[in-house]
Amino acid sequence: MRKNKWVVFLVILLSAVLVLGGCSNEAQTEKQEQEQVLKVAIGTDINTWDIVKFPDGDARFVWAQIYETLVRLDTDLNLIPGLAESWEPQEDGKIWIFNLRQNVKFHDGTPLTSEAVVYSYGDRAYVTTVKTLQLEKVEAIDDYTVKFTCAKAMPLPTYLTHIAWPVVSPSSVNTEGEFQQAIGTGPFKFASYSKGQEVVLDKNADYWGDEIKLDQVVFKIIPEASTRIMALNSGDVDMSIKIPESDVASLEENPDISVYRKLTTFTDFLQFNCAQAPFDDLNVRKAVANAIDTEGIVKNILDNIGVAAQGRLYSPVMMYSSQNLKLYSQDQENAKSLLAASGWKDENGDGILEKDGEQLHISMLVGQSWSPREQRIAEACQAQLGEVGFDVEIKQLETAALSSLEKEGDFDMIMRTGYFVWGPYPHHVKMHFSKNYTSHYNNPDYDQLVMQGESVNDEAQKQQIYEDIQQMVLEDLPAFYIVHEEKIIAARNNVQGYVISAEDPWLELKGISLK
C-alpha cells in the first residue's frame, strides 16, 4: 500500500513539473514574441567602428543607429537640429558657433559636452586628417557651446550631416588612445558583432529624443542581393536595403511586403582620366557622351527606376540643380563623327577604331558595388560604346586594387556613384577639382568656380556659380553622368512607421515598431 502511495506521489510531482515547465516555455515564447526585434539585411560587412577610418559601404547604415551628428536632414533634405540645437556663422562663415543640446548622454552614461565635439573633430578623426573638413581650430567655449574656425569661409553645417563624421564619446578609446568600443548618443547601442555574420544593437533606454519602440535591431550581413530578397520573402528578415531594380516589380506584387522608393542625391557616372590618351581629347569624351543612351538604360536596364541624368551633374533633389541645361541624348552618328575628327578610323573592318597603329581599347574599372545596378550599367555602356568603335574592357576590382590603380593614374574610365555626396549641398563638384587626387582633370577656370561657390554668401550669386559649374561639366566632360539614383528599401508589412529619406546613406529606424 505504501508503495502505491509513492507511485501516486511521483506521478503528481512529475505532472506538476511538466505543467510548470510548459508554462515556463509558453512564458518565454510570449516574451520573445512581445520583444520588438527588427532584422535588417545589409550587403557588406563593417570595416570600422572608429572615426579614424571612413565607414565603407553598408557600415554607414549601422553607424546611423549608434552615432549622431550635430546637424541633421529631414526626409526632404532640409537642415534641422541634431545634437546641436542651433548654430550661427561669424565672419561670413569662416567661424561657426554651435549650441549643443543639454541632458544628452552617451551610451556609457557620460554626458554630451563640448569636449566630446572637440575630440570628434580633432587629430584622430578621418574627416580632418584627410582635410575634407579644413579646420584651423575647434574650441569648447563652455560645456554646451563649440566654436569652429575654418581655414576659409564655408557652409560648415552642410558638412556635418554626414554620418561618417559623427560626434562620439572620448571614452571610445582608452588612456593609450586605443579604440575600445563604439559609444555614441544614438537610439541604439552596440551589443555584439560577428564578423561577416551580424551586428546586434540594443535599444538606448536613455535616448534624448522620442521613445524608441524597438528593443533590438539585428543587421544580417548578406552579400548576395538575391539571397537578401529570399530572406525578405521568407520572413527571415523584416527589411532589406539596396534592393536591385530588377526585383522591385515582383516585390510590389507581394501582399506581405511594402516597397519604399525615393529619388536621392546619388548619381552614377563615368569618370574619365583626362590626364592621358585617349580621354585627354575632348572629342573622345564627347563621343562617349553621345554614344550612351541614358534614357534607354533607365527604361530597359533599370525597369524605369531612377532618372536619366543625360550628363547632368546634380540630381534634381540637390540644391542649385539647374533645369535649364542642354543635356545629351544618344546620337551615335555624331559620336562616330567626333572620333573621325580626331583621327580614329576602322582600318581593318573589325568594328574597332584605330589611330597611329593603336586600337581604341579602353579599360572601365568597376569597384565593389554600392548598388548591384552598377555592373549592369557598366555592361550596357560597354555594348553601346562598342557600336561606335570603342573596345571596352570591364575590370571589376576590390576597393584596394581600384584605389591603387586610381592613385597611379593607371585607368581610362571608372564607374562611380555618389562620391562627395551626403546631403543636398553640391559638395560633389570637388570631385573634379584639380588638387583632388581623384580628379585626373585640370581646369583652372573650374577650380576657381568651385572655390567661389563655397565662399560666396549671396544666394543669387551662388546659384549662378553652381549653374556655371554644371554647364562647364556638360561642355568639358571630366565625367559623364548617367543615372540619378532612386533609393529602394523593402520591408515586410509587420514593420510600421518607416519613412524613407532622400538622403543616403542614412537609415532612420528609431520611429519603427513591429506589428
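Residues numbered from 1 in each chain as written. Predicted model: local features only at pLDDT ≥ 70, side-chain atom pairs only at ≥ 80, totals over all residues. Heavy atoms only, no water.

**Q** How would you summarise the pattern of salt bridges if you had to cite specific residues and measurements?
**A** Side chains bearing opposite charge may pair, as long as their charged atoms lie close to each other. Scanning all chains against the criterion turns up 16 salt bridges. Between D58 and K242 there is a salt bridge, with its nearest N and O atoms 2.5 Å apart. Taken together, the positions of D58 in the loop between β1 (37-42) and α2 (59-66) and K242 in the loop between β11 (239-241) and α7 (248-253) put the pair 184 residues apart, joining distant regions of the chain. Judged by relative accessible area, D58 falls into the buried class, the value being 0%. A relative accessible area of 14% means that K242 is categorised as buried. One salt-bridge network, in which partners are shared between bridges, spans E245, D268, R373 and E485. (Salt bridge = Lys/Arg side-chain N within 4 Å of Asp/Glu carboxyl O. Helix = DSSP H or I, 4+ residues; strand = E, 2+ residues; numbered from the N terminus. Buried < 20%, exposed > 50% of the residue type's maximum accessible area, 1.4 Å probe, protein only.)

**Q** Go over the sheet that holds strand β7 (residues 145-150) with me, naming the residues and quoting the values.
**A** Spatially, β4-β5-β7-β6 is the arrangement adopted by the 4 strands of the open sheet, whose pairing is antiparallel. Unpaired on one side and paired on the other, β4 (84-90) and β6 (135-142) mark the two borders of the sheet. Ignoring which end each strand starts from, the neighbouring axes of this sheet average 20° apart. The sheet contact formed by strand β5 (residues 95-100) and β7 spans 5 bridges and is antiparallel. From the neighbouring strand, F98 faces β7, where its bridge partner is V146. (Pairing = 2+ DSSP bridges. Axes fitted to C-alpha atoms, helices over the stretch in contact; angles between N-to-C directions.)

**Q** Account for the nonpolar core, with residues named and values stated.
**A** With 70 residues, the main nonpolar core has L70, Y121, F148, L156, F219 and L509 as its most contacted residues. When residues of this core are assigned to their parent elements, the largest contribution, 6 residues, is made by α2. If we ignore the near neighbours within four places in the chain, the residues touching L70 are P81, G82, L83, A84, W87, F98, L100, V117, Y121, F148, L160 and V167. (Core = buried A, V, L, I, M, F, W, Y, C linked by side-chain atoms within 4.5 Å. Contact = heavy atoms within 4.5 Å.)

**Q** Give a description of helix α10 (residues 332-341) that names residues and reports values.
**A** One turn of an α-helix holds 3.6 residues; hence residues three or four places apart share an orientation. The complete set of buried residues in α10 reads Q332, A335, L338 and L339. Viewed along the axis of α10, the buried residues span an arc of 115°, placing them on a single side of the element. Residues of α10 that are exposed and point more than 90 degrees away from the buried face comprise E333 and A341. Of the surrounding elements, those touching the buried residues of α10 are α8 (282-291) and α11 (373-386). With its phi angle positive at about 90°, G343 sits one or two positions after the end of α10. (Arc of directions from axis to C-beta.)

**Q** Outline the pairing of β7, supporting the account with residue identities and numerical values.
**A** Every regular strand shows the same layout, with side chains that alternate between the two sheet faces. Burial of β7 is extensive: 5 of the 6 residues sit out of reach of the surface. Here β6 runs beside β7; their pairing, made up of 6 bridges, is antiparallel. Across the sheet, residue A140 finds its bridge partner in β7, namely V146. Connecting the antiparallel pair β6 and β7 is a turn made up of 2 residues.

**Q** With reference to specific residues and values, describe the packing of aromatic side chains.
**A** With the rule as written, the count across this model stands at 19 aromatic pairs. Ring centres of F98 and F148 lie 5.3 Å apart, and the angle between their planes is 70°; on these two criteria the pair is classed as edge-to-face. In this pair, F98 sits in strand β5 while F148 sits in strand β7, placing the two residues 50 residues apart along the sequence. With relative accessibility at 0%, the residue F98 sits in the buried group. Their ring planes at 45° and their centres at 5.7 Å tell us that Y159 and W422 sit as a pair that is tilted. Residue Y159 is found in helix α5 (residues 156-159), and its partner W422 is found in the loop between β18 (413-417) and α13 (444-455); the two are separated by 263 residues along the sequence. The residues Y159 and W422 share a single accessibility class, namely buried. (Phe/Tyr/Trp six-rings, centres within 6.5 Å; stacked < 30°, edge-to-face > 60°.)

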